[in-house]
Amino acid sequence: MPSSSAPQVAMASPVFHHLQSLLHKRGLSGTLSPEHVPALPPASTGLDMLDQHLHGGFARGALTEVSGALSSGTTGIGFTALAAATQRGEATAYIDATGSFHAESAVLAGVDLPRLLVVRCRDPYQAWDAVNLVGSAGAFGLIVLDLLGLASRRQLREWQHRPWMKLQRSLENTTTVLLLLSPQRGLCTQPPRMRLELDAIRIHWHGNHPAAACLAGIESSLHVGYQRRHYLGIPSVGEESVCSLFLRDAETGSFPSHAHENTPLTGNGIALPRLRP
């Protein structure tokens, strides 16, 4: 007697694909267990040596957290990634939660402003709705969520309680890179695909007189963590490596000679805001 299971399986496949396409159009494709999807090539960070260290760049369809205190180079990483994405012809977005976006620095970094959507939020709480709305559009190659201006512990705790898993699931099977710029590590409580933590070692200035000195660059220690899964399927973030990263001003483009000794990573042409000591 022929088995009745074979026709059922054959009929289930078109139904599954139709349902999957409907959910994908509504940004809900993560609610289904997807079939095998080939891994997308990572997106370049804009720094060749950093790309090599990150095995090609930032993962697509996932969230990457870049954290660090002020003057650690976190904003420079974000601008450099935006410049690389716009130069590839991708549409990008910058969710400015605290009014810290500096257009002149973005242009100096090489960002093509016509390919950049800047969302300026009246308060930090609007940034969550903005990043979900922009992320669900599915048309952006890179989205930067800038939370570096969060100052109070209360605001940081509130962001830690956001439904990060839901946001990350909405990015699955897309080409979008979501870059979270955070003032502290672990703001995204659901382990992201990758974590980069910057710790400033030395800040370099141009000019002899303190009142006339300009920022030349930042020397930082870069800690890289990646997501891995244990045998129980519980995600965690394991430390992968530690290296040095030098971020130079795009106009002056120079460091003291000793800064180049034993440098695993070197960042060139990263625009930094014109600050004074």
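Below is a summary of the structure that appears in this document. (Residues numbered from 1 in each chain as written. Predicted model: local features only at pLDDT ≥ 70, side-chain atom pairs only at ≥ 80, totals over all residues. Heavy atoms only, no water.)

Take the pairing of strand β2 (residues 92-96) next. A regular strand places its side chains on the two faces of the sheet in alternate fashion. Counting buried residues in β2 gives five out of five residues, a clear majority hidden from the surface. Two strands pair when backbone bridges link them, and β2 and strand β3 (residues 116-120) are joined in this way by five bridges, in the parallel orientation. Bridging from a neighbouring strand, Ile95 pairs with Val119 of β3. Crossover handedness for the path β2 to helix α4 (residues 103-108) to β3: right-handed. As paired strands, β2 and strand β4 (residues 142-146) are joined by five bridges and run parallel to one another. Considered in β4, the bridge of Ile95 is made with Leu145. (Buried < 20%, exposed > 50% of the residue type's maximum accessible area, 1.4 Å probe, protein only. Helix = DSSP H or I, 4+ residues; strand = E, 2+ residues; numbered from the N terminus. Pairing = 2+ DSSP bridges. Right-handed = clockwise from strand over helix to strand, strands pointing away.)

The next thing to look at is the environment of Tyr226. Here Tyr226 lies in strand β7 (residues 214-229). In this structure Tyr226 comes out as partly exposed when scored by relative accessible area, which is 30%. In this structure, the C-alpha to C-alpha distance between Tyr226 and Met194, residues 32 residues apart in sequence, is 4.4 Å.

Right, let's talk about the environment of Ser136 for a bit. Mapped onto the elements of the fold, Ser136 is located in helix α5 (residues 126-137). For Ser136, a relative accessible area of 48% puts it in the partly exposed group. With 34 residues separating them along the chain, Ser136 and Ser170 place their C-alpha atoms 6.9 Å apart. Looking at Ser136, its side chain comes within polar contact range of the main-chain oxygen of Leu133, at 2.8 Å. (Polar contact = N/O pair within 3.5 Å; in protein donor to acceptor, adjacent residues only side chain to side chain.)

The next point concerns the nonpolar core. Within the largest apolar cluster, 29 residues are counted, with the highest numbers of intra-cluster contacts made by Phe58, Leu82, Tyr94, Leu142 and Leu179. At the level of elements, α3 (74-87), β4, β5 (177-182), β6 (194-206) and β7 are the ones that each hand at least two residues to this core. Contact partners of Tyr94, with chain neighbours within four places excluded, come to Phe79, Leu82, Phe101, Leu116, Leu117, Val118, Val119, Val144, Asp146 and Leu181. (Core = buried A, V, L, I, M, F, W, Y, C linked by side-chain atoms within 4.5 Å. Contact = heavy atoms within 4.5 Å.)

Function-wise, these values are silent; they only describe arrangement.
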